[in-house]
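For reference, the chains in residue letters:
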Amino acid sequence: MLILGVNAMHADASAALLVDGRLVAAVEEERFTRIKHASGTPVEAIRWVLEHAGAKAADLDHVAFSKSPHAHRARRAGHVLVHAARTRHLPLQRLTARRRFLSLDEEIRAALGGPVSSELRTHYVEHHPAHISSAFYASEFDEAAVCSIDGLGDFVSMAWGTGRDRRLDVSNRVFFPHSLGYFYTAVTQLLGFPNYGDEYKVMGLAPYGSPRYLPEMRRVLRASDEGFRLDQRYFRHEREEVEWRVDGGAPVIGTLYSQELTELLGPARLASEPIDERHRDVAASAQARLEEVILPLLARVRASTGMPALCLAGGVALNVTVNSRIIGAETGFDAVFIQPAASDAGTSLGAAMHVAHHQLGAARAAPMRDVYLGPSFSSEQCRDALEQAGLGYERLDLKSLCRRTAGYIAEGRIIGWFQGSMEFGPRALGNRSIVCDPRRSEMKDVLNARTKRREAFRPFAPSVLTERVAELYETDGVSPFMLTAPRVRPEWRDRLGAVTHVDGTGRIQTVDRERNERYWQLISAFEALTGVPALLNTSFNENEPIVCTPKEAIACFLRADMDVLVLEDLLVSRN
Ligand SMILES: [Fe+2]
């Protein structure tokens, strides 16, 4: 049975394919179109997942969308009427969204590029159950509390309930206009980061500040019986229509905060203005308030479900500072699985899983062990790309390749590391990564300024051998998806200067041999040379989607001034 999951109505458009319940391929549309967070019908992604599985359109049994025109209709209609009465115009987006649904099925059928079976069935899975499915069905838990937290999807910003074997029960929801994601996005915009997906910059900035605006944040975002409430005086999205459009393929969201929020927290920063102490303190305060609201809420989820394990997804689940506090006394959970593609990209996968298990009752497959679900390229394809670019290379066996590369890293060189299937989700986890020496504190500034061309405050993350992570960090857990940030042990701070954030934490990716043999070999070679079982790992890109093809890797390598490029078993050194 073939189920195609599609995220076409939200940012990070994507496609995923389940074959007899097993996840065989998943990829974001941005990886092909090269437009960050690309929205709209993921034509290229759909074609690629089918091609990868050797399937034709006619083989498909089900198509599952991660949005539903039927969800919470009465509430939506109520909002449209109240809004129209107040402002004398209809929220156009809600109407165009409906029109979009009507054409979506046809667009997908066209994208499939061939005749489909007359038995092909289309399913519209509500957005939050799709997020939740991507976490629960991908987890190892037979039973768990389940929760999703994001900006907004199908008029809902947060949902929770339970998962038991094949069944989900998601009966608790927080509705529009109250949203933790919108709260964080509004502060992100106020701080001068206007692009879709910039929230992680605020998360990175927060540890530099002190939360002196916490009393103000408590007025903006209040706890309530339903979970939380946004004081609408400080926001625009309920009173007015906030623009949500796709511009040249990229999602654009209008200003969410109101004049009142700038009166409360000070004027908005222009993107061109320097970041000062107040900006850092606003970031710290928003982050502190988010944690102050989410953790007790998760404790309530724990108490009401009686389940000791939690499965989590939704864009807010990419907040590693929150994630690092979930397990333990503050919530009562003793285990957590967070879907690595927690943002809307993961809903293609979740919608397909919801149809497979919850709706059709198919047995669950093995848990999701890694994110290497995208396109891969052979050594010959890499060679052809290098020859086309006129670059010389050496072909090396794995052991020599890792030893040589580790030597370059220890000398302070910057390496583009490209191997195997590309990652699904926002993090590069060793297959499309830029790696360098985690010991050299200066690498952070060199990378931010020279290679990545991004804000100087932004931290870098380490990839650490799983078998040694507990020696370096205050954790005994496996963290293969870079979704938690434990404290660095004091005796290691000096040796992990480039990957230790200002608050003494590191957003770790643990690497084991079973999940990624080649990357594990590279880190092991660096360990043999230096005694440090870790590398600095950042995504292989420069203000663009992560590179997908060898050609894109070569272009980025040249443009971003890296020293060494490894494409599969081929090594290119610039000097
Ligand atoms: Fe979402």
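Located above this text is the structure these notes cover.
What this report covers is the structure whose coordinates are included nearby. The shown structure was predicted, so the numbers you read here are calculated from the model rather than taken from an experiment.

### Examining the sheet that holds strand β22 (residues 570-573)
Okay, so step 1: Read from one edge of the open sheet, eight strands run β15-β22-β21-β16-β17-β20-β18-β19, paired in mixed fashion. Two strands bound the open sheet, and with one partner strand each, they are β15 (394-395) and β19 (509-511).
Okay, so step 2: In terms of strand pairing, strand β18 (residues 461-465) meets strand β20 (residues 534-539) through four bridges, oriented antiparallel. When the sheet's bridge partners are listed, V464 is paired in β20 with A534.
Okay, so step 3: The sheet strands contacting helix α15 (residues 442-451) are β17 (432-436) and β20, and the helix crosses β17 at an angle near 135 degrees.
Okay, so step 4: Against the sheet, helix α17 (residues 517-530) engages β16 (415-418), β17, β18, β19 and β20, with an angle of about 135 degrees to β20.

### With respect to the coordination of the iron ion
Okay, so step 1: For the iron ion, the full set of protein donor atoms is H127 (NE2), H131 (NE2), D150 (OD) and D344 (OD), and the range of their distances to it is 2.1 to 2.2 Å.
Okay, so step 2: Around the iron ion, the four donor atoms are arranged such that angles at the metal cover 88 to 169 degrees; this shape is classified as irregular.
Okay, so step 3: Read in sequence order, the donor residues coordinating the iron ion give the pattern H-x3-H-x18-D-x193-D. Of this pair, H127 sits in helix α5 (residues 127-136) while D150 sits in strand β6 (residues 143-153), placing them 23 residues apart in sequence.
Okay, so step 4: Judged by its relative accessible area of 0%, H127 is buried.

### Description of empty space enclosed by the protein
Okay, so step 1: Under the definition given, this model contains three cavities of 30 Å³ or more.
Okay, so step 2: Considered as a void within the structure, the largest cavity measures approximately 70 Å³ in volume.
Okay, so step 3: Around the largest cavity, the lining is made up of 13 residues, and of these Y372, P480, Q509, T510 and R515 lie nearest the centre.
Okay, so step 4: When grouped by side-chain class, the residues that make up the lining of the largest cavity number six nonpolar, three polar and four charged.
Okay, so step 5: By volume, the second largest cavity amounts to about 40 Å³.

### A few points about the nonpolar core
Okay, so step 1: Counting 104 residues, the largest nonpolar core has M158, L180 and F183 as its most contacted members.
Okay, so step 2: Of all the elements, helix α10 (residues 277-305) adds the most residues to this core, at nine residues.
Okay, so step 3: With sequence-adjacent residues up to four places away left out, F183 is seen in contact with M217, V220, L221, L230, F235, A286, R289 and L290.
Okay, so step 4: Counting 62 residues, the second-largest nonpolar core is a separate cluster that includes L536, A553, I554 and L565.

### Concerning the packing of helix α14 (residues 398-410) against α17
Okay, so step 1: In the contact formed by α14 and α17, the axes pass within 8 Å of each other and the chain directions differ by 55 degrees. It follows from the interaxial angle that α14 and α17 lie oblique. The element α14 and its partner α17 pack so that their crossing is right-handed. Counted together, L398, L401, C402, R403, T405, A406, G407, I409 and A410 of α14 and R518, Q521, L522, A525, F526, L529 and T530 of α17 form the full contact between these two elements.
Okay, so step 2: Here the residues of the contact of α14 with α17 are counted per class, giving 10 nonpolar, four polar and two charged.

### Describing the sheet that holds strand β8 (residues 167-175)
Okay, so step 1: One open sheet accounts for five strands, arranged β8-β7-β6-β13-β14; its pairing is mixed. Each edge of the sheet is formed by a strand with only one pairing partner; in this case those strands are β8 and β14 (335-338). Across the sheet, the mean angle from the axis of one strand to that of its neighbour is 20 degrees, orientation sign disregarded.
Okay, so step 2: Summarising the sheet, β6 and strand β7 (residues 156-164) pair through eight bridges and their orientation is antiparallel. Residue pairing in the sheet places I149 in a bridge with M158 of β7.
Okay, so step 3: Here α5 sits on the sheet and contacts β6, β7, β8, β13 (309-313) and β14; the angle it forms with β6, its principal contact strand, is near 135 degrees.

### Points about the state of the cysteines
Okay, so step 1: A full pass over the atoms with the stated rule returns zero disulfides.
Okay, so step 2: The thiol of C556 is unpaired, and the distance to the nearest cysteine sulfur, on C548, comes to 13 Å.

### Digging into the pattern of salt bridges
Okay, so step 1: In the structure shown here, the tally under the stated rule is 43 salt bridges.
Okay, so step 2: The partner of R212 in a salt bridge is D281, with the nearest N and O atoms 2.5 Å apart. Here D281 lies in helix α10 and R212 lies in the loop between α7 (199-205) and α8 (214-220), a separation of 69 residues in the sequence.
Okay, so step 3: The class for R212 is partly exposed, based on a relative accessible area of 44%.

Parameters and conventions
- Residues numbered from 1 in each chain as written.
- Predicted model: local features only at pLDDT ≥ 70, side-chain atom pairs only at ≥ 80, totals over all residues.
- Heavy atoms only, no water.
- Pairing = 2+ DSSP bridges.
- Helix = DSSP H or I, 4+ residues; strand = E, 2+ residues; numbered from the N terminus.
- Contact = heavy atoms within 4.5 Å.
- Axes fitted to C-alpha atoms, helices over the stretch in contact; angles between N-to-C directions.
- Donors = N, O, S within 2.8 Å, 3.2 Å for Na, K, Ca; no water.
- Tetrahedral: all angles 85-135°; square planar, octahedral: opposite > 155°, others 65-115°.
- Buried < 20%, exposed > 50% of the residue type's maximum accessible area, 1.4 Å probe, protein only.
- 1 Å grid on protein atoms, 1.4 Å probe; cavity = no way out; pocket = protein on both sides within 12 Å on 5 of 7 lines; lining within 4 Å.
- Points joined across faces, edges and corners; volume = space filled by probe spheres on them.
- Nonpolar A, V, L, I, M, F, W, Y, C, P; charged D, E, K, R; others polar.
- Core = buried A, V, L, I, M, F, W, Y, C linked by side-chain atoms within 4.5 Å.
- Parallel < 35°, antiparallel > 145°, perpendicular 65-115°, else oblique.
- Left-handed = near helix turned anticlockwise from the far one by under 90°.
- Disulfide = S-S within 2.5 Å.
- Salt bridge = Lys/Arg side-chain N within 4 Å of Asp/Glu carboxyl O.

Bear in mind that shape data such as this cannot, by itself, settle questions of function.
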